[in-house]
Amino acid sequence: MSDVHGVASTLPYGACVLDSILTAGQPEEAQFAAVATAGCKLVLDLRGPHEPRPCNEPTCVAAAGMEYLNIPITPETLQDDTFNQFRSVMRDTTKRPILIHCASSDRVGALLLPYFILDEGKDRDTALGLAIQAGLRTPLLAEVALDYAERAAT
């Protein structure tokens, strides 16, 4: 049995919005081992390639026994294809529990918002509440995510 709820409180901006979805800001190197011990199978990094990290993240994640995937979210990449790619990863339940992180979990919440609506069947208000719990704080990111969700639902 995984303990992602317990490890969430040890991570920067950590939350566990659904039983198998752990969200956070950038973990420190030593925290990846704790995330693995909690049962996580995949670390999904939403940071861009030029953002500073405390370690060689793919190496640290692999050493902890998890899979690493990077979908860089920048103003230039926050487009329908990126949301589609993210949703595809999220629909693969064999990769769960999953840790999704960026620097402050703001982008995590933004990417999760349409997933909650389109794939988890949450209504807009519930999805927005979960996305905020996951770290969404920027109104523009929420607007872009909700616009995508509306277009993708039709």
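Above this text you will find the structure in question.
In this report, the structure presented in the accompanying data block is examined. (Residues numbered from 1 in each chain as written. Predicted model: local features only at pLDDT ≥ 70, side-chain atom pairs only at ≥ 80, totals over all residues. Heavy atoms only, no water.)

1. Description of the pattern of salt bridges
A full pass over the atoms with the stated rule returns 10 salt bridges. A salt bridge links Glu51 to Arg107, with the nearest nitrogen and oxygen atoms 2.8 Å apart. With Glu51 in the loop between β3 (42-45) and α3 (57-63) and Arg107 in helix α5 (residues 106-118), the pair connects residues that are 56 residues apart, well separated along the chain. We note a salt bridge from Asp119 to Arg87, for which the minimum N-O separation is 2.6 Å. (Salt bridge = Lys/Arg side-chain N within 4 Å of Asp/Glu carboxyl O. Helix = DSSP H or I, 4+ residues; strand = E, 2+ residues; numbered from the N terminus.)

2. Some details on the nonpolar core
With 34 residues, the main nonpolar core has Ile21, Leu46, Phe86, Ile100 and Leu112 as its most contacted residues. Counting only elements with at least two residues in this core, the list comes to β1 (15-18), β3, α4 (80-91), β5 (98-101), α5, α6 (124-134) and α7 (139-153). Counting residues per element, this core draws most heavily on α5, at seven residues. Grouped together as the second largest cluster of nonpolar side chains are 18 residues, Ala24, Val35, Val43 and Cys60 included. (Core = buried A, V, L, I, M, F, W, Y, C linked by side-chain atoms within 4.5 Å. Buried < 20%, exposed > 50% of the residue type's maximum accessible area, 1.4 Å probe, protein only.)

3. Observations concerning α5
Taking the largest bend as the criterion, α5 deviates by roughly 25 degrees, centred on Leu112, and proline Pro114 comes between one and four positions later. Turning to α5, its buried residues number three or more, namely Asp106, Arg107, Val108, Gly109, Ala110, Leu111, Leu112, Leu113, Pro114, Tyr115 and Phe116. Those residues of α5 hidden inside the fold are in contact with β1, β2 (21-24), α4, β5, α6 and α7. (Bend = angle between axes of the 7 residues up to and from the residue. Contact = heavy atoms within 4.5 Å.)

4. Let's talk about the side chain of Asp106
For Asp106, the location among the structural elements is in helix α5. For the buried Asp106, which has no salt bridge, the nearest side chain bearing the opposite charge is Arg137, at an N-O separation of 4.9 Å. Once residues lying within four places of it in the same chain are set aside, the contact partners of Asp106 are Gly135, Leu136, Arg137, Thr138 and Leu141. (Lys, Arg positive; Asp, Glu negative; His and termini not counted.)

5. A look at the packing of α5 against α6
At a closest axis distance of 8 Å, the pairing of α5 and α6 adopts a crossing angle of 155 degrees. In terms of their interaxial angle, α5 and α6 are classed as roughly antiparallel. In terms of crossing hand, the pair formed by α5 and α6 is right-handed. Of the residues in α6, those touching α5 at Val108, Gly109, Leu112, Leu113, Phe116 and Ile117 are Arg124, Ala127, Leu128, Leu130, Ala131 and Ala134. When the residues that make up the contact of α5 with α6 are grouped by side-chain class, the tally is 10 nonpolar, one polar and one charged. (Axes fitted to C-alpha atoms, helices over the stretch in contact; angles between N-to-C directions. Parallel < 35°, antiparallel > 145°, perpendicular 65-115°, else oblique. Left-handed = near helix turned anticlockwise from the far one by under 90°. Nonpolar A, V, L, I, M, F, W, Y, C, P; charged D, E, K, R; others polar.)

6. Considerations on the sheet that holds β1
As summarised here, the arrangement of the five strands in space is β1-β2-β5-β3-β4, forming an open sheet in which the pairing is mixed. Since the sheet does not close on itself, it has two edges, and those belong to β1 and β4 (67-70), each with one partner. Recorded for the sheet is a direction-independent mean angle of 25 degrees between the axes of neighbouring strands. Judged from the four bridges that link them, β3 and β5 form a sheet pairing that is parallel. Considered in β5, the bridge of Val43 is made with Leu99. α4 contacts β2, β3, β4 and β5 of the sheet and is inclined by roughly 155 degrees relative to β5. Where α5 meets the sheet, its contacts fall on β1, β2 and β5, and the angle it forms with β2 comes to roughly 150 degrees. (Pairing = 2+ DSSP bridges.)

Bear in mind that shape data such as this cannot, by itself, settle questions of function.
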